[in-house]
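# A look at the structure
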Amino acid sequence: MGFYIVKRIIWLIPVLFVISVVVFSIVHLIPGDPATVLLGTEAADPALLKAIKQKYGLDKPIYVQYFLWIQRVLHGDLGLSVTTGRPVSKLVAERIPYTLELGLYALALALLLAIPLGTLAAVRKNQAVQWLFQGFTLLGLSIPRFWSGTMFILLFSVHLGWFTIVNFPSFMGDPLDNLRSFFLPAFTLALPAAASIARITRASVLEVSNMEYVLTARSKGLDERRVVFIHMLKNALLPVITVTGIYAGYLLSGTIVVEKVFAIPGLGRLGVDAILQRDYPVLQGTVLVVVTLFTLVNLAVDILYVFVNPKIRYV
Amino acid sequence: MYWLLRLNKAVLIGSTLVIILSLVAALAPYIAPYDPTEMHPLDRFSGPSAKYLLGTDFYGRDILSRIIYGLRTSLQISFLSVLLAALWGGSLGVLAGYFPWLDNLIMRVMDVMFAFPVLLLAITIVAILGPGEFSAILAIAIVYVPIFSRVARGPTLAVREETYVEAAQALGASHWRIIAKHILPNISVPIFVQLTVQLASAIIFESALSFLGLGTQPPLPSLGLMVSEGRPYLEISPWSTVFPGVAIALVVLGFNLLGDGLQQALNPQLRRRGG
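Because the structure is a prediction, the values reported are computed rather than measured. (Residues numbered from 1 in each chain as written. Chains lettered and ligands numbered in written order. Predicted model: local features only at pLDDT ≥ 70, side-chain atom pairs only at ≥ 80, totals over all residues. Heavy atoms only, no water.)

Residues and elements named next belong to chain B. Contact pair helix α4 (residues 100–114) / helix α6 (residues 133–160): the axes reach a minimum separation of 10 Å and the direction vectors enclose 150 degrees. Accordingly, the angle class assigned to the pair α4 and α6 is roughly antiparallel. Between α4 and α6 lies a crossing whose hand is left-handed. The residues of α6 that touch α4, namely those facing Pro 100, Asp 103, Met 107, Met 110, Asp 111, Met 113 and Phe 114, are Ile 142, Val 145, Pro 146, Ile 147, Ser 149, Arg 150, Arg 153 and Arg 160. Class assignment for the residues of the contact of α4 with α6 results in 9 nonpolar, 1 polar and 5 charged. (Axes fitted to C-alpha atoms, helices over the stretch in contact; angles between N-to-C directions. Helix = DSSP H or I, 4+ residues; strand = E, 2+ residues; numbered from the N terminus. Parallel < 35°, antiparallel > 145°, perpendicular 65-115°, else oblique. Left-handed = near helix turned anticlockwise from the far one by under 90°. Contact = heavy atoms within 4.5 Å. Nonpolar A, V, L, I, M, F, W, Y, C, P; charged D, E, K, R; others polar.)

What follows concerns unusual backbone geometry. Look at the link from Pro218(B) to Pro219(B): it is a cis peptide, with omega at 5 degrees. Structurally, Pro219(B) can be placed in the loop between α8 (175–211) and α9 (223–230). Positive phi, close to 50 degrees, is recorded for Ala263(A), a residue that is not glycine. Along the polypeptide, Ala263(A) turns up in the loop between α11 (255–261) and α12 (267–276). Non-glycine residue Arg278(A) carries a positive phi angle of around 55 degrees.

With that out of the way, let us pick up the packing of aromatic side chains. Enumeration according to the criterion identifies 14 aromatic pairs over all chains in this entry. Ring centres of Trp239(B) and Phe243(B) lie 5.8 Å apart, and the angle between their planes is 15 degrees; on these two criteria the pair is classed as stacked. Highlighted residues: Trp239(B) and Phe243(B), both in helix α10 (residues 239–266), separated by 4 residues, approximately one helical turn. Connected via pairs of aromatic rings, a cluster forms that spans Phe17(A), Phe24(A), Tyr66(A), Phe67(A) and Trp69(A). Directly above the aromatic system of Trp11(A) lies the positively charged group of Arg108(B), at a separation of 5.9 Å from the ring centroid. (Phe/Tyr/Trp six-rings, centres within 6.5 Å; stacked < 30°, edge-to-face > 60°. Lys NZ or Arg CZ within 6 Å of the ring centre and 35° of its normal.)

Before going further, it helps to examine the domain arrangement of chain A. Residues and elements named next belong to chain A. By the assigned domains, chain A splits into domain 1 (16–74) and domain 2 (100–308). Relative to domain 2, the C-alpha centre of domain 1 lies at a distance of 39 Å. Counting from both sides, the interface comprises 12 residues of domain 1 and, opposite them, 9 residues of domain 2. Linking domain 1 with domain 2 are 0 salt bridges, by the criterion used here. Counting across the domain 1 and domain 2 interface gives 2 residue pairs in polar contact (both at pLDDT 80 or more). Those elements that place two or more of their residues in the side of domain 1 that touches domain 2 are α1 (2–29), α2 (34–39) and α4 (62–74). Ranked by the residues each element gives to the side of domain 1 that touches domain 2, the list is headed by α1, at 7 residues. Among the residues forming the side of domain 1 that touches domain 2, the class breakdown is 11 nonpolar, 1 polar and no charged. (Domains from an automatic or database assignment. Salt bridge = Lys/Arg side-chain N within 4 Å of Asp/Glu carboxyl O. Polar contact = N/O pair within 3.5 Å; in protein donor to acceptor, adjacent residues only side chain to side chain.)

Quick look at empty space enclosed by the protein now. Residues and elements named next belong to chain A. Across all of its chains, the model carries 2 cavities of 30 Å³ or more by this definition. Residue lining of the largest cavity: 16 residues in total, with Leu 38, Tyr 56, Trp 69, Arg 72 and Gln 284 positioned closest to the centre. Every element with two or more residues in the lining of the largest cavity is listed here: α1, α4 and α13 (280–308). Looking at the lining of the largest cavity residue by residue, the classes come out as 10 nonpolar, 4 polar and 2 charged. (1 Å grid on protein atoms, 1.4 Å probe; cavity = no way out; pocket = protein on both sides within 12 Å on 5 of 7 lines; lining within 4 Å. Points joined across faces, edges and corners; volume = space filled by probe spheres on them.)

This part takes up the environment of Ile137(B). Residues and elements named next belong to chain B. For Ile 137, the location among the structural elements is in helix α6. Residues Ile 137 and Ala 127, 10 residues apart in the sequence, show an inter-C-alpha distance of 13 Å. Dropping the residues within four chain positions of it, Ile 137 is found in contact with Ile 77, Leu 80, Ser 81 and Leu 84.

Looking now at the interface of chain B and chain A. Listed by partner, the interface residues are 42 residues for chain B and 43 residues for chain A. Taken together, the two surfaces of chain B and chain A that pack against each other cover about 3,700 Å², and 79% of this comes from carbon and sulfur. Taken together, chain B and chain A are joined by 1 salt bridge. For Asp260(B), the salt bridge goes to Arg199(A), with nearest N and O atoms at 2.7 Å. Counting every contact that joins chain B to chain A gives 6 residue pairs in polar contact (both at pLDDT 80 or more). Sort the elements by how many residues they give to the side of chain B that touches chain A and α10(B) lands first, with 11 residues. When the residues that make up the side of chain B that touches chain A are grouped by side-chain class, the tally is 26 nonpolar, 9 polar and 7 charged. (Buried area = accessible area lost by both parts, 1.4 Å probe.)

Put into structure tokens, the structure is as follows:
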């Protein structure tokens, strides 16, 4: 097991290297001179262009440029935003908490919804429950988030006035107010994940319910609730954890659309706005940070999985 | 083709939805009541009526006509991108599964692609190519390549070990003949099912890209773009936001039902589990 974890961590090095090369290439792949791309204006002052070229070593061979760039990145220097002139590292750091909270909140909501629903659908065999469950999961998987989010705003904010979605207070300042403001965006983000996790939960509980130990538990005369929660659910959760792990990274990166819908100043919106404003240093920094976060979350999930799953011995 | 007999309700409802909506998209120029970009300044923000069945938007453009054309755009982009992904990914998967010396190289590249969050990968590609339909097609296709490569690799690995392949090799059949005669027939069904399943998510993907302003550009109609264009006027005229979303949900629902049903019909394991 220790070996697997070490191997998994070492594998991180080539992955992060390739990611850095891809992110570095963005500026060079965009048609046009990299210096003009970095300055953001096409008719820039020639003296300024020359200064930029010298500063970033753009007159040197491409691999030298990469090493100069990665050196700066490792020192926390992601360059300057073209539109605001502020350091990209600062811009990104300000946005991380919003995206992180939104992702974690959504993950929690998805599990709170999916596990009870999936278990209920597996245990209660009657037609109405099955239809409702199929309806919920199919709709959850079929409705795009940007639309469901918009409809939630229309219904719960505009018409019913239950949630305000104007500002997003910090969690430290007022936790309850914060959780309330983030509820609709997190719920919107959670729905497709909840539908998918609920399906796995149902299938997994169904599979477990045919096991002999469940039959034994029942024939011992155990309370049905005890059979379901202790004997079935505990054993059925493994596949659920696998899928949840996949969704953990996905939810963190899937916030792009939801941030746009609810005007949350997170990383996703920073990246999309950067594309629309052709602010490539910001785009580069955002992509680098999000992909690194995503990779680290996936690594954490893989390692956690080894501890949760005693049946699998990795070699 | 005995599995055709096992087609269930999901497949029937799903394929009906898909067929109807595809026909609507294909026949757009004949059935749309108005030109999708034609403005009617006197009828801005009108609700559903006999003249405009689903109402009009900010510019007084007919929402129903825009949805019909938008559906056409969305389906074209999603279909082309998934098809490209199936071709590229499928070929890579077959190569990886058939030639052991290529396996490690190809699958490691796919692993690195999986290390990128999908939507971010897509918007980065769009950032490089510039927003537009062509970029959207390429971006979605590249994102789906690793999925298809995995789907194609598994069966290829299994078939390669079969006795009949060994026999073909002994008879002197070339690699390409073996791939064409023995491998391709075995991977076509899983690839086809995956195509249906991924079409559903590609449609959501395409609409998300155009919602973010990175796909189809105005004034051309696209379902995701319509939702984002209607949002500022949500309170005075919800129609221009509500109906395009319903259209996306319906078409995605159709493909989801079809994909689920096909997976169940073709995968005995799933059926036994009642999944």
